[in-house]
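Structural overview for review
Here is how the chains run, residue by residue.
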Amino acid sequence: ATTLGAAAAQSSRYFGTAISAGKLSDSAYTTIANREFDMVTAENEMKLDATEPNQNQFNYTSGDRVANWATSNGKRLRGHTLAWHSQQPGWMQSMSGTALRNAMLNHVTQVATHYRGKVYAWDVVNEAFSDNGDGSRRDSNLQRTGNDWIEAAFRAARAADPGAKLCYNDYNIDNWSHAKTQAVYNLVRDFKARQVPIDCVGLQAHFNSGNPVPSNFSTTVSSFAALGVDVQITELDIQGSGTDQANKYRTVVNACLAVARCTGVTVWGVRDSDSWRASDTPLLFDGSGNKKAAYTAVLDALNGT
Ligand code: G3I
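This section reports on the structure supplied with the text. Numbers given to residues run from 1 along each chain, matching the order in which its sequence is written. In keeping with the predicted nature of the model, local features appear solely for residues at pLDDT of at least 70, side-chain atom pairs appear and are counted solely at 80 or more, and the whole-chain, interface and lining totals rest on all residues. The side-chain values count all of the structure's non-hydrogen atoms but skip hydrogen atoms and water molecules.

This next bit is on the site of the ligand. The immediate surroundings of the ligand are formed by 13 residues, with Glu-43, Lys-47, His-80, Glu-127 and Glu-235 found nearest. Polar contact is defined as a pair of N or O atoms within 3.5 Å, subject to the rule that within protein one atom must be able to donate a hydrogen and the other to accept it, and that residues adjacent in sequence are counted only when both atoms are side-chain atoms. Between the ligand and Gln-204 there is a distance of 3.0 Å, counted from a nitrogen atom to a side-chain nitrogen or oxygen. Here the open area of atoms and residues is found with the Shrake-Rupley method and a 1.4 Å probe, where only the protein chains shown may cover a residue. Coverage of the ligand by the protein chains reaches 44% of its 790 Å² of free accessible surface. Broken down by class, the residue content of the shell around the ligand amounts to 3 nonpolar, 6 polar and 4 charged. If even one non-hydrogen atom of a residue comes within 4 Å of a molecule or strand, that residue is called near it. As a working rule, the residues Ala, Val, Leu, Ile, Met, Phe, Trp, Tyr, Cys and Pro are called nonpolar, Asp, Glu, Lys and Arg charged, and the rest polar, with Gly in that last group.

The following block contains the structure:
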């Protein structure tokens, strides 16, 4: 196959990208995005601050632009994200306790209901664990509403959209030996044991020199999958250039291809210039839209060549 989406489809996987609503009028951007990818994540447009700028006043204008672009171009949609400590609207940032818990659950219910039937998988909860190396939860206003806030969010999402796969999504859970990875693994294992609805784990996979692709990455993918959930690589980008970057991309894609329940890979933007960290040149197309060595490595891996 000659495109990333078609190559991934040969093994019933998808290959996606983050899409920014503000770039949908850039034809160089949409030409590549439409040609290469078959799954779309809104980079910012479905987050809490975008969708509920004032309490109980929902705004789906930008989110719908991304969703409609995906639908009209025959692509599936990943929802990102329903409950997160970051990018909360101001009114939510200052809330706490039962009022915040109820506001969070209302947000999950309303947004998942709006997009019901249109979303392949939701990142229900994003980045709920800390990076301090002890496997603890991240301190946040949501965490302070009680340790059960994550499962409450998943139950509300399932009730609102029973057809969407419900994912826990995080970064720095790529290295199997890290406490944060083990903590997320234990959360998912506990949810499966207690039949809390969870269908997938998203490994964001933002890699750079300080956070390299770990040598045990494939162990992480296969270990989560062995819990009985799908695994998706949800926000892949890798700092670098040339052959070295290409080899790292190949390693990550091959780790997914080796695990039946790793169902797809999404890169976090189209061209390097579209990236949230553009100076790292972390994506598959350069700023002029040319395919990089990393692109060829990924396409070859997906084609098994
Ligand atoms: O839209 C405003 C614009 O009106 C304003 O002029 C400009 C000035 O700073 O800001 C614009 O908003 C920015 C937005 O991106 C759109 O470009 C925000 O400041 C900026 O904070 C926001 O950054 C996003 C970041 O999440 C926020 O947390 C990045 O685009 C987005 O790529 C990034 O994505 C996250 C995932 O959601 C979760 N995992 C990590 C990943 C990378 O940080």
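Now for the packing of aromatic side chains. A pair of Phe, Tyr and Trp rings is counted when the ring centres sit within 6.5 Å of each other, with Trp represented by its six-membered ring. The angle between the planes then sorts it: under 30 degrees is stacked, over 60 is edge-to-face, the rest tilted. The tally for this structure, following the rule as stated, stands at 12 aromatic pairs. Here the aromatic rings of Phe-15 and Phe-37 are separated by 6.2 Å at their centres, their planes lie at 25 degrees, and the arrangement is stacked. In this pair, Phe-15 sits in strand β1 (residues 14-19) while Phe-37 sits in the loop between α2 (27-36) and β2 (39-42), placing the two residues 22 residues apart along the sequence. The exposure classification of Phe-15 matches that of Phe-37, with both residues buried. Here the aromatic cluster, defined as three or more aromatic residues joined through ring pairs, consists of Phe-58, Tyr-60, Tyr-115 and Trp-122. Any Lys NZ or Arg CZ found within 6 Å of a ring centre and within 35 degrees of that ring's normal is scored as a charge over the ring. Looking at Arg-76, its charged tip hangs above the ring of Tyr-120, at a distance of 4.7 Å from the centre. The positively charged end of Lys-180 is found above the aromatic ring belonging to Tyr-171, 3.7 Å away from the centroid. A run of H or I in DSSP counts as a helix once it spans at least four residues, and a run of E counts as a strand once it spans at least two, with each numbered from the N terminus. Any residue under 20% of the maximum accessible area for its type is buried, any over 50% is exposed, and the rest in between are partly exposed; the area is computed with a 1.4 Å probe on protein chains only.

Moving on: the state of the cysteines. Criterion for a disulfide: a pair of cysteine sulfur atoms within 2.5 Å. A full pass over the atoms with the stated rule returns 2 disulfides. With a sulfur-sulfur separation of 2.0 Å, Cys-167 is cross-linked through a disulfide to Cys-200. Negative torsions about the S-S bond denote left-handed disulfides, and the value of about -85 degrees found for Cys-167 with Cys-200 makes this one left-handed. Highlighted residues: Cys-167 in strand β5 (residues 165-170) and Cys-200 in strand β6 (residues 200-203), separated in sequence by 33 residues. Given the relative accessible area of 0%, Cys-167 is considered buried. Looking at Cys-200, the relative accessible area reads 0%, which means it is buried. Disulfide pairing places Cys-256 opposite Cys-262 at an S-S distance of 2.1 Å.

Let us look at helix α10 (residues 242-257). Under the 1.5 Å per step criterion, the end-to-end length of α10 is 23 Å for 16 residues, consistent within 8% with the ideal 22 Å. Burial in α10 covers these residues: Gln-245, Ala-246, Tyr-249, Val-252, Val-253, Ala-255 and Cys-256. Against β1, β7 (206-207), α9 (217-225), β8 (230-238), β9 (262-267) and α11 (293-303) lie the buried residues of α10. Helix span, expected: 1.5 Å multiplied by one less than the number of residues in the helix. A contact between two residues is defined here by any heavy atoms of the two lying within 4.5 Å.

The definitions used throughout rest on a 1 Å grid laid over the protein atoms alone, on which a cavity is an enclosed set of points accommodating a 1.4 Å probe that cannot get out and a pocket is an open set flanked by protein within 12 Å on both sides along at least five of seven lines; lining residues are those having an atom within 4 Å of a point. Grid points are joined across faces, edges and corners, and a volume is the space filled by probe spheres set on the points. In this model, the largest pocket occupies a volume close to 320 Å³. What lines the largest pocket is a set of 18 residues, and nearest its centre among them are Glu-127, Gln-204, His-206, Glu-235 and Trp-276. Taken together, the residues of the lining of the largest pocket sort by class into 4 nonpolar, 9 polar and 5 charged.

Attention now moves to unusual backbone geometry. Omega for the bond connecting His-80 with Thr-81 falls within 30 degrees of zero, at -5 degrees, which places this linkage in the cis form. Within the secondary structure layout, Thr-81 lies in strand β3 (residues 76-84). One non-glycine residue, Asn-56, lies in positive phi territory at about 65 degrees. By the element assignment, Asn-56 lies in the loop between α3 (48-51) and α4 (61-72). Non-glycine residue Gln-87 carries a positive phi angle of around 50 degrees. With respect to the secondary-structure elements, Gln-87 resides in the loop between β3 and α5 (90-93). Using a relative accessible area of 27% as the deciding quantity, one classes Gln-87 as partly exposed.

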